[in-house]
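A look at the structure
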Amino acid sequence: MDGSIDVAIVKEFYANLYDPEDKSPKQVKVRGHLVMFDANTLNTFLKTPVIIEEGEELPTYSRFALLRPDPQELAAKLCIPGKGFELNADGLPLKIPRKNLKTLALTSHTSDITLDRAKKMYGIIQKMDMNVGYIISS
């Protein structure tokens, strides 16, 4: 593989991607070939094993995300001191403006980050074991 990207194939992948029934395993036809992009297939391709601690059923990050982490804890790790989430009309965390992020938490994206993305970034910074294939496929 030479690292080049065939933009037409990528566009066809995305054009055929939508499935209103959201079947599992996730798959799409591209040029007559079935391309699987479920969690297991992606983890195999990326060589990212799913690490689950003894006595647990989920990776560390999955358990963390299910617990509804404290937005203040996320902001303390991701934001410059004194900054944090912007709140919605109900007073719930909506997003962290990019200008509030520490250098460590900045991505190549120019947009603000949602609560869900903040949880993922926190998990990465804390070096939590993640099911990378699941995160990408969902």
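Structural data are supplied above this passage.
Now for a look at the structure at hand.

So, how was this worked out
Residues numbered from 1 in each chain as written. Predicted model: local features only at pLDDT ≥ 70, side-chain atom pairs only at ≥ 80, totals over all residues. Heavy atoms only, no water. Buried < 20%, exposed > 50% of the residue type's maximum accessible area, 1.4 Å probe, protein only. Helix = DSSP H or I, 4+ residues; strand = E, 2+ residues; numbered from the N terminus. Arc of directions from axis to C-beta. Contact = heavy atoms within 4.5 Å. Patch = residues over 30% accessible without salt bridge, like charges linked within 9 Å, V, L, I, M, F, W, Y side chains within 5 Å. Areas by Shrake-Rupley, 256 points an atom, 1.4 Å probe, with all protein chains shown as cover. Salt bridge = Lys/Arg side-chain N within 4 Å of Asp/Glu carboxyl O. Core = buried A, V, L, I, M, F, W, Y, C linked by side-chain atoms within 4.5 Å. Pairing = 2+ DSSP bridges.

1. With respect to helix α4 (residues 71–78)
- Among the residues making up α4, those that are buried are L74, A75 and L78. All buried residues of α4 lie within an arc of 95° about the axis, which places them on one face of the element. Away from its buried face, by an angle of more than 90 degrees, α4 presents the exposed residues Q72 and A76.
- Packing partners of the buried residues in α4 comprise α3 (60–66), β4 (93–96), β5 (113–114) and α5 (115–125).

2. Details of a nonpolar patch on the surface
- A surface patch of nonpolar side chains, about 420 Å² in accessible area, is lined by I5, V7, V10 and Y14.
- Inspection of the secondary structure puts V10 in helix α1 (residues 7–15).

3. Details of the nonpolar core
- Core analysis: the biggest nonpolar cluster contains 15 residues, and F64, L74, L78, F85, I96, I113 and A118 have the highest contact counts within it.
- Those elements that provide at least two residues to this core are α3, α4 and α5.
- Setting aside anything within four residues of it in sequence, one finds A118 in contact with L74, L78, F85, I96 and I113.
- Grouped together as the second largest cluster of nonpolar side chains are 5 residues, F13, V30, F37 and L42 included.

4. Remarks on the sheet that holds β4
- Reading across from one edge, β3-β4-β5 is the order of the 3 strands in this open sheet, with antiparallel pairing throughout. Lying at the two open borders of the sheet, with one neighbouring strand each, are β3 (86–87) and β5.
- For β4 and β5, the ladder comprises 2 bridges, and the chain directions are antiparallel. Residue pairing for β5: K95 is matched across the bridge by T114.

5. Side note on the environment of I136
- Inspection of the secondary structure assignment puts I136 in helix α6 (residues 132–137).
- For I136 and A39, which are 97 residues apart along the polypeptide, the C-alpha to C-alpha distance reads 7.5 Å.

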